[in-house]
Amino acid sequence: SQTIHQWPATLVQPVGSPLSLECTVEGTSNPNLYWYRQAAGRGLQLLFYSVGIGQISSEVPQNLSASRPQDRQFILSSKKLLLSDSGFYLCAWSGWGSGGSYNEQFFGPGTRLTVL
Amino acid sequence: DQQVKQNSPSLSVQEGRISILNCDYTNSMFDYFLWYKKYPAEGPTFLISISSIKDKNEDGRFTVFLNKSAKHLSLHIVPSQPGDSAVYFCAADIIQGAQKLVFGQGTRLTINP
């Protein structure tokens, strides 16, 4: 079976500090990978998605970047955090071997980021 | 442009009754629809999906209905249980596209005893 890990679970960072959130998927190969953000009281906003190593598509202009150094590893980064970067960050994967449709996305447990 | 809309931010239902959550979409290219359930501080979990070739899909207490002409889908939960209290998101996709789900804003369902 497939599992998705995210860490850290919670993070409190000062404005202007760097950020690195990591996501890894086990039990599948060549998954599509996604980073979402849920701001307080809001829906899920797609930030980045990747269909393969080194292939990153950005959905909205922002202070963040993403990288995929390995097939099942997805990293969300920032050089200097802003107050508006606070939120709940979710990593997700989709692809074959999920047991369902190729289009279904499966989410990690999330990271609560607070920028002070 | 909000392509997927959940116009009810919250819904309160008595335990044992039916919960009906609604979702509307604007992009006629969408041909696959999903519902997710989310508890606070957790990632969403997949509930049920439906492709545009169907108008109904059932899985236990959960049934999703799709009305393509109205660009509307709904999730029915029968009977509603206290553990169903959560935020529910509908999402839409284009099967032959880039597998990017477009999510609605979510509806907070509260099941009252």
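Residues numbered from 1 in each chain as written. Chains lettered and ligands numbered in written order. Predicted model: local features only at pLDDT ≥ 70, side-chain atom pairs only at ≥ 80, totals over all residues. Heavy atoms only, no water.

## Some thoughts on the overall build of chain B
Along its length, chain B carries 0 helices and 11 strands. Going from the N terminus to the C terminus, chain B shows its helices and strands as β-β-β-β-β-β-β-β-β-β-β. Its C-alpha radius of gyration of 13 Å places chain B within 12% of the 13 Å reference for a compact globule of 113 residues. Taking contacts inside chain B between residues at least 6 apart in sequence as the whole, the part at least 24 apart equals 55%. Counting every atom, chain B has about 5,400 Å² of accessible surface; 49% of that belongs to carbon and sulfur. Counting 11 positive and 10 negative side-chain charges, chain B places the centres of these two groups 3 Å from one another. (Helix = DSSP H or I, 4+ residues; strand = E, 2+ residues; numbered from the N terminus. Rg over C-alpha atoms; globule rule 2.2 N^0.38 Å. Contact = heavy atoms within 4.5 Å. Areas by Shrake-Rupley, 256 points an atom, 1.4 Å probe, with all protein chains shown as cover. Lys, Arg positive; Asp, Glu negative; His and termini not counted. Charge placed at Lys NZ, Arg CZ, Asp CG, Glu CD.)

## Quick look at the state of the cysteines
The tally for this structure, following the rule as stated, stands at 2 disulfides over all chains. Disulfide pairing is shown between C23 of chain A and C91 of chain A; the S-S distance is 2.0 Å. Taking the sign of the S-S torsion, about -75° here, the bridge from C23 of chain A to C91 of chain A comes out left-handed. In this pair, C23 of chain A sits in strand β3 (residues 19–26) while C91 of chain A sits in strand β9 (residues 87–94), placing the two residues 68 residues apart along the sequence. Pair check on accessibility: C23 of chain A and C91 of chain A agree, each one buried. There is a disulfide in this structure between C23 of chain B and C90 of chain B, and the S-S distance comes to 1.9 Å. (Disulfide = S-S within 2.5 Å. Buried < 20%, exposed > 50% of the residue type's maximum accessible area, 1.4 Å probe, protein only.)

## Quick look at the packing of aromatic side chains
Counted by the stated rule, this structure contains 14 aromatic pairs over all chains. With a centroid separation of 5.3 Å and 45° between ring planes, the pair formed by Y36 of chain A and F107 of chain A is classed as tilted. In this pair, Y36 of chain A is assigned in strand β4 (residues 32–38) and F107 of chain A in strand β10 (residues 106–107), connecting sequence segments 71 residues apart. Given a relative accessible area of 0%, Y36 of chain A falls into the buried group. One aromatic cluster in this structure is built from Y34, Y36, Y49, W93, F106 and F107 of chain A together with Y36, F46, F89 and F103 of chain B. (Phe/Tyr/Trp six-rings, centres within 6.5 Å; stacked < 30°, edge-to-face > 60°.)

## Some details on the interface of chain A and chain B
On the chain B side, the residues contacting the 22 residues of chain A number 21 residues. Viewed at the interface, chain B and chain A are joined by 1 salt bridge. A salt bridge links K100 of chain B to E59 of chain A; its shortest N-O distance comes to 3.2 Å. At 4 residues, the largest contribution of residues to the side of chain A that touches chain B is made by β4 of chain A. Of the residues belonging to the side of chain A that touches chain B, the class tally is 11 nonpolar, 8 polar and 3 charged. (Salt bridge = Lys/Arg side-chain N within 4 Å of Asp/Glu carboxyl O. Nonpolar A, V, L, I, M, F, W, Y, C, P; charged D, E, K, R; others polar.)

## Focus on the pattern of salt bridges
Residues and elements named next belong to chain A. Enumeration according to the criterion identifies 4 salt bridges over all chains in this entry. Close ionic contact of R37 with D85 constitutes a salt bridge, the shortest N to O distance being 3.8 Å. Of the two residues, R37 sits in strand β4 while D85 sits in the loop between β8 (73–78) and β9, which places them 48 residues apart along the sequence. Accessibility assignment for this pair places R37 and D85 in one class, buried.

## Here's the deal with the side chain of Q73 of chain A
Residues and elements named next belong to chain A. Among the secondary structure elements, Q73 is positioned in strand β8. Within polar-contact distance, the side chain of Q73 engages the side chain of E22 at 2.6 Å. When neighbours within four sequence positions are excluded, Q73 is seen to be in contact with E22, C23, T24, L33, S67 and R68. (Polar contact = N/O pair within 3.5 Å; in protein donor to acceptor, adjacent residues only side chain to side chain.)

## Comments concerning the nonpolar core
If you look at the biggest cluster of nonpolar residues, it comprises 23 residues, and the most contacted ones within it are F33, W35, L73, L75 and Y88 of chain B. Elements supplying a minimum of two residues to this core: β3 (19–25), β4 (32–38), β5 (45–51), β7 (62–67), β8 (72–77), β9 (86–93) and β11 (107–112) of chain B. Considering every element that reaches this core, the biggest residue donor is β9 of chain B, with 4 residues. Among residues more than four places away in sequence, those in contact with F33 of chain B are Y25, I48, S49, I50, L66, L73, A91 and A92 of chain B. Counting residues in each nonpolar core, the second largest holds 20 residues, with L11, V25, L33 and A66 of chain A among its members. (Core = buried A, V, L, I, M, F, W, Y, C linked by side-chain atoms within 4.5 Å.)

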